[in-house]
Amino acid sequence: MYANAVVGNSIVTTIAGQSVTELAQKHGTPVFVYDAAVIAERIRDLAAFDAIRYAQKALSNIAILDLVRRHGVVVDAVSAGEVQRAIAAGYKPGHAHPPQIVYTADIFDRAALEIVAKYDLPVNCGSPDMIDQYGAICPGRGITLRINPGFGHGHSKKTNTGGQQSKHGIWHDQVADCAERAKRANLTITGMHMHIGSGTDLEHLSQVCGAMEKTCRLVGPTITSISAGGGLPTIYKPGDKYVDLAAYFKLWDATRQKLANEFGHAISLEIEPGRYLSAECGYLIAEIRAVKRMGENLFYIVDAGFNNLARPILYGSHHPMAICPADGSSAARGTQDAIIGGPLCESGDIFTQEEGGFVVSRELPTASVGDYLVIGCAGAYGYVMASNYNSKPLVAEVLVENGKANLVRAAQTFEDIVRGEVIPK
Ligand code: LLP
């Protein structure tokens, strides 16, 4: 069930039992707030899988990683920085079953190769070259292959990770060649992974099972684990649908059973969600700083922009929005159609836009300067894609757990922004 307090066109005065006005006054605006109970609920939804590997790129604050770790979730890491985050949050590197941290990417940059060697980390190879490079530093280990099955699907063209136009994974007809490479590099292929895109649907996801079976057969019984990847959608607007998780698990369980029967040993089944675990837990609270008319259009200009939440400008993504009155009262108000803009010196800094940059308005409670705008479902790919554009500081993050609101990241200061900059003498 939808678990975010923001349902379009509403007044919202509390988040996870905390007063929006108090959160805003205490931490300043904009501020991100996360509800731990929602993440925990989403983790429980996926309990049928042998391992839930959180794609931390979606929301990687170490307090969030610590939270999911406490709930038995393992992680992936797509960079040296994400490996360090996982370790800072208490994950142990190494080749346990399942490994707590897996490096998964299409390349090793120099920093990644160094950290993988340092911690003897397991890797999921998204390019054939990674096999040779890993073999050179960790000979004798098992590896998994990320395969591009030749098709993909996502909520936007930019989040489709399969097919010929995608840079991701190893093309499906090169598996035999990769098996040869692995042998030469003294590595064993122990697992197979497919992730066809982010924010897709059951119809597309279910096509992956057949491709997985075929690919695993090309490698044979050294395979002991398979990963269904991430991509589970969440609900941002009316009409969006969750995947029927029981049906989805059933499909993958059947695939796993078939392979287990053929190979004569158990196959463990992983899932790798990012958005599904962390989207609904998150809110971005901003303050309305100007209300103005442009011809027929009414604009609410808030103090958060695409420097804080880039999904609308990048993908035309729809996020639910609500108003919290400055005095925290929940009395009903009339509504108005408004376009929501941010503070940045760029015309595209509009939260209410569709793919292609078409600006649209949103029916919202009538608001004035000093009221708050609460943007919902902002946990996944919100903070992690923020920037310092226009020299705006990265903002504070607050995690609410067991009725307590904890500051889990302080807002940046000007000194943080210019750290490392030098005027040459
Ligand atoms: N596994 C792999 C290998 C991935 O590349 C991704 C996402 C995931 C798992 C997690 O996908 P999820 O379960 O979150 O759909 N910035 C975009 C999403 C980019 C996703 C990148 N890879 C957005 O805001 O929608």
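That block above? That's the structure.
What counts and how
Each chain has its residues counted from 1, following the order in which its sequence is written. At least 70 in pLDDT is required for a residue's local features to be given in this predicted model, at least 80 for side-chain atom pairs to be given and counted, and no such filter applies to totals for whole chains, interfaces and linings, which use all residues. With hydrogens and water set aside, each side-chain value is computed from the structure's full complement of heavy atoms. Here a cavity denotes a set of grid points, spaced 1 Å apart and computed over the protein atoms alone, in which a 1.4 Å probe fits but from which it cannot get out, and a pocket denotes an open set meeting protein on both sides within 12 Å along at least five of seven lines; residues with an atom within 4 Å of a point are reported as lining. Grid points are joined across faces, edges and corners, and a volume is the space filled by probe spheres set on the points. Secondary structure elements follow DSSP: runs of H or I of four or more residues count as helices, runs of E of two or more count as strands, with numbering from the N terminus. Polarity classes work like this: nonpolar for Ala, Val, Leu, Ile, Met, Phe, Trp, Tyr, Cys and Pro, charged for Asp, Glu, Lys and Arg, and polar for all others, with Gly in that last group. Definition of nearness: a residue and a molecule or strand are near each other if at least one heavy atom of the residue lies within 4 Å of the molecule or strand. N or O atoms within 3.5 Å of each other form a polar contact, as long as, within protein, one can give a hydrogen and the other can take it, and as long as residues adjacent in sequence are counted only when both atoms are side-chain atoms. Any molecule with more than half of its atoms within 2 Å of a cavity's or pocket's grid points is regarded as sitting in that cavity or pocket. Interaxial angles span 0 to 180 degrees and are taken between N-to-C directions of axes, which are lines fitted to C-alpha atoms, for helices over the stretch in contact. Note on angle classes: values under 35 degrees are labelled roughly parallel, values over 145 roughly antiparallel, values of 65 to 115 roughly perpendicular, and the remainder oblique. The contact rule is simple, with two residues in contact once any of their heavy atoms fall within 4.5 Å. Pairing of aromatic side chains here covers Phe, Tyr and the six-membered ring of Trp, requires ring centres within 6.5 Å, and sorts the geometry by plane angle: under 30 degrees stacked, over 60 edge-to-face, intermediate tilted. Each residue is placed in one exposure class: buried if its accessible area under a 1.4 Å probe, protein chains only, is under 20% of its type's maximum, exposed if it is over 50%, and partly exposed if it falls in between. Only buried residues count toward a nonpolar core, which is a set of Ala, Val, Leu, Ile, Met, Phe, Trp, Tyr and Cys residues joined through side-chain atoms within 4.5 Å. Think of a salt bridge as a Lys or Arg side-chain nitrogen and an Asp or Glu carboxyl oxygen that are within 4 Å of each other.

1. Remarks on the layout of surface pockets
- Its boundaries defined by the atoms lining it, the largest pocket holds a volume of some 760 Å³.
- Lining the largest pocket are 34 residues, and of these Lys57, Arg146, Thr161, His168 and His195 sit closest to its centre.
- Only β7 (101-105), α10 (275-278) and α11 (311-315) provide two or more residues apiece to the lining of the largest pocket.
- Sort the elements by how many residues they give to the lining of the largest pocket and β7 lands first, with three residues.
- Looking at side-chain class alone, the lining of the largest pocket contains 11 nonpolar, 13 polar and 10 charged residues.

2. Topic: the site of the ligand
- In the neighbourhood of the ligand, 19 residues make up the surrounding shell, with His155, Ser198, Glu272, Arg311 and Tyr381 lying closest.
- At a separation of 2.8 Å, an oxygen atom of the ligand approaches a polar backbone atom of glycine 231.
- In this structure, tyrosine 381 approaches the ligand through a side-chain N or O atom, which is 2.6 Å from an oxygen atom.
- Structurally, the ligand is housed in the largest pocket.

3. As for the packing of helix α6 (residues 128-137) against helix α7 (residues 175-184)
- Where α6 contacts α7, the axes come no closer than 9 Å and their chain directions differ by 10°. The angle between the axes of α6 and α7 places the two elements in the roughly parallel class. Listed contacts from α7 to Pro128, Asp129, Ile131 and Asp132 of α6 are Cys178, Arg181 and Ala182.
- Of the residues assigned to the contact of α6 with α7, the class counts are four nonpolar, no polar and three charged.

4. A look at the packing of aromatic side chains
- Tallied over the entire structure, the rule returns eight aromatic pairs.
- Between the aromatic rings of phenylalanine 108 and tyrosine 134, the centroid separation amounts to 6.4 Å while the plane-to-plane angle is 15°, which identifies the pairing as stacked. Taken as a pair, phenylalanine 108 in the loop between β7 and α5 (110-119) and tyrosine 134 in helix α6 lie far apart in primary sequence, 26 residues in all. Tyrosine 134 matches phenylalanine 108 in its accessibility class, with the two residues each being buried.
- Each member of the aromatic cluster is reached from another via a ring pair, and the members are Phe32, Tyr34 and Tyr383.

5. Some thoughts on the nonpolar core
- Counting 105 residues, the largest nonpolar core has Tyr54, Ile143, Leu145 and Ile226 as its most contacted members.
- Beyond its immediate sequence surroundings of up to four residues, isoleucine 143 is in contact with Val123, Cys125, Ile131, Tyr134, Ala182, Leu187, Thr188, Ile189, Thr190 and Gly191.
- The next biggest cluster of nonpolar side chains, apart from the first, holds 17 residues, and it includes Leu23, Ala24, Cys324 and Tyr372.

6. Focus: the pattern of salt bridges
- This model, assessed by the stated rule, comprises 20 salt bridges.
- Among the ionic pairs, arginine 42 bridges to glutamate 41, the shortest N-O distance being 3.4 Å.
- The buried category is assigned to arginine 42, whose relative accessible area is 1%.
- A residue is classified by how much of its surface remains accessible, and glutamate 41, at 28% relative accessible area, is partly exposed.
- A salt bridge links arginine 141 to aspartate 120; its shortest N-O distance comes to 2.3 Å. Here arginine 141 is found in the loop between α6 and β9 (142-148), whereas its partner aspartate 120 is found in the loop between α5 and β8 (123-125), with 21 residues between them in sequence.
- Among the residues examined, arginine 141 registers a relative accessible area of 29% and is labelled partly exposed.
- On the basis of relative accessibility, which here comes to 24%, the residue aspartate 120 falls in the partly exposed class.

7. Section: the side chain of serine 127
- Within the secondary structure, serine 127 is located in the loop between β8 and α6.
- Note on serine 127: relative accessible area 17%, which makes it buried.
- For serine 127, the contacting residues outside a window of four places in its chain are Asp106 and Ile170.

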